Amino acid sequence: MSVRTPIVLDVDTGVDDACALLLAALHPSLDLRAVTCVGGNAPLPDVVRNTLSVLDTCGRQGVPVGAGAARPLLEAPVDARHVHGDDGMGDLDWPRSNRGPGSRQAVELLRDVLLEAAAGSEEDRITLVPLAPMTNIALLLRTYPEAARGLERIVFMGGAAHLGNATASAEFNVFHDPEAAAITLDACADLGIEVVMYGLDVFYGPRVSLAEARDLVAAHDTGPAGLAGRLMAFQCERFGADSATLGDAGAVCAVLDPDGLTTERLPVRVELAGTWSRGRTIVDRRDWDGNLAHDPHGQAPALIDVALEVDGPRYARLWLETVTGKVAGFPG
Ligand code: BDR
Ligand code: CA
């Protein structure tokens, strides 16, 4: 029986995916069972290389890594190197891994890890944390729906009730592969999978200051804390800001500390058409009881715990204490 929370990350590493990987790899209450990669912030080969580098930095070479979809289901791929640097991880010249990904493709790796969890006890069920376009997840749930038996829940970074970033309407991960996000939500409704949406409404809340980032680098030249400080300093410097968001790492904080998040269970669907709104998550906040007789347009079938507020300083503290090894029972 596992006392730690079994977790799998699906990433497009990505500066803030790297921050999330540091937390998932190092926190003693998490049991990181696998990491799967998808093209997004950077092309897939860069994402895989960055992911392996972060895991190596954490001494977690044993965590299986699977390379997945190189492109969205329908959209042409676009990257976000203007945000994450040319190499997708802040152009830090950080030591590269000598390893490659495992031989199992991401969807097969996810299937195997989930079916193994399904064969175990309740405590073995996996919390799946997609932090990237949901191409791998959509393919998994449509190809191997039986794997959902191994899921505890999905906590994904993507979407928003109120904001956009890739466009005025849409958040990057959903915008990048709207069909995948729509398929994932549809499959979750069908298969009875609990979902938390950690979207842009909370994404910018947990922050680390440039001064804190520089202190980290000064105190730790190498290792997880040195990488953590450099990642945050890169973001501050790129945007000329005196602090930067933990981004995707906040979704991992939400797994560790759900009380730091305020959520509301709401119907959500993904806009797949729209002239300016493709990729928007339509969060239904109408003040009604869901009685379809009153409204012919009806509710979305997917009822999701939408994160609306976050205790940013609490999550930032959790992240900083973990990457600096101050959390009790730190494995390294
Ligand atoms: C999301 O898109 C990427 O740029 C980040 O890694 C995060 O997952 C924010 O919209
Ligand atoms: Ca990401």
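Here is a short report on the structure shown in this document. (Residues numbered from 1 in each chain as written. Chains lettered and ligands numbered in written order. Predicted model: local features only at pLDDT ≥ 70, side-chain atom pairs only at ≥ 80, totals over all residues. Heavy atoms only, no water.)

Quick notes on the pairing of strand S5 (residues 151-157)
So, step 1. Of all seven residues that make up S5, five are buried, and the element is covered over most of its length.
So, step 2. Relative to S5, strand S4 (residues 126-130) runs parallel, the two sharing three bridges. Its bridge partner being in S5, threonine 127 is matched across the sheet by arginine 153.
So, step 3. Traced from S4 through helix H5 (residues 135-143) to S5, the parallel crossover comes out right-handed.
So, step 4. Of the strand pairs in this sheet, S5 and strand S6 (residues 195-198) are connected by four bridges, and their pairing is parallel. In the strand pairing of S6, methionine 157 is matched with tyrosine 198. (Buried < 20%, exposed > 50% of the residue type's maximum accessible area, 1.4 Å probe, protein only. Helix = DSSP H or I, 4+ residues; strand = E, 2+ residues; numbered from the N terminus. Pairing = 2+ DSSP bridges. Right-handed = clockwise from strand over helix to strand, strands pointing away.)

Quick word on the site of ligand 1
So, step 1. Around ligand 1, the surrounding shell consists of Asp16, Asp17, Asn41, His84, Leu131, Met157, Asn165, Glu171, Phe172, Asn173, Phe203 and Asp248.
So, step 2. Within the side chain of histidine 84, a nitrogen or oxygen atom sits 3.0 Å from an oxygen atom of ligand 1.
So, step 3. Between ligand 1 and the protein, one listed contact pairs an oxygen atom with a side-chain N or O atom of aspartate 248 at 2.6 Å.
So, step 4. Surface burial for ligand 1 is 95%, taken as the share of its 280 Å² of free accessible area covered by protein chains.
So, step 5. For the shell around ligand 1, the secondary-structure elements that each account for two or more residues are helix H1 (15-26) and helix H6 (172-176).
So, step 6. Residue composition of the shell around ligand 1, grouped by class: four nonpolar, four polar and four charged. (Near = heavy atom within 4 Å. Polar contact = N/O pair within 3.5 Å; in protein donor to acceptor, adjacent residues only side chain to side chain. Areas by Shrake-Rupley, 256 points an atom, 1.4 Å probe, with all protein chains shown as cover. Nonpolar A, V, L, I, M, F, W, Y, C, P; charged D, E, K, R; others polar.)

Some words on the sheet that holds strand S1 (residues 5-11)
So, step 1. If you walk across this open sheet you meet the nine strands as S3-S2-S1-S4-S5-S6-S11-S9-S10, and the pairing is mixed. Both outer strands of the open sheet, strand S3 (65-67) and strand S10 (281-283), are each paired with one neighbouring strand and no more. Geometrically, the sheet is characterised by an average inter-axis angle of 30° between neighbouring strands, direction not taken into account.
So, step 2. Note: S1 against S4, four bridges, orientation parallel. Bridge pairing in S4 places isoleucine 7 opposite threonine 127. (Axes fitted to C-alpha atoms, helices over the stretch in contact; angles between N-to-C directions.)

Let's talk about the nonpolar core
So, step 1. Of all hydrophobic cores here, the largest spans 66 residues; its most connected members are Leu9, Leu22, Leu32, Val252 and Trp319.
So, step 2. By residue number, the principal contributor to this core is H1, which donates ten residues.
So, step 3. What valine 252 contacts, discounting residues up to four positions off in sequence, is Ile7, Leu9, Ala20, Leu23, Ala24, Leu30 and Val129.
So, step 4. Ranked by size, the runner-up nonpolar core spans 39 residues in total, among them Ile126, Tyr144, Val174 and Ala180. (Core = buried A, V, L, I, M, F, W, Y, C linked by side-chain atoms within 4.5 Å. Contact = heavy atoms within 4.5 Å.)

What to know about the coordination of the calcium ion (ligand 2)
Each donor-metal-donor angle in an ideal tetrahedron of four donors is 109.5 degrees, and each such angle in an ideal octahedron of six donors is either 90 or 180 degrees.
So, step 1. With distances of 2.2 to 2.6 Å, the protein atoms coordinating the calcium ion (ligand 2) are Asp12 (OD), Asp17 (OD), Asp17 (OD), Leu131 (O) and Asp248 (OD).
So, step 2. Donor residues for the calcium ion (ligand 2) sit on one chain with the sequence pattern D-x4-D-x113-L-x116-D. Here the residue leucine 131 occupies a position in the loop between S4 and H5, and aspartate 248 occupies one in the loop between strand S8 (243-245) and helix H11 (249-256), the gap between them amounting to 117 residues.
So, step 3. The exposure class of aspartate 248 is buried, given its relative accessible area of 2%. (Donors = N, O, S within 2.8 Å, 3.2 Å for Na, K, Ca; no water.)

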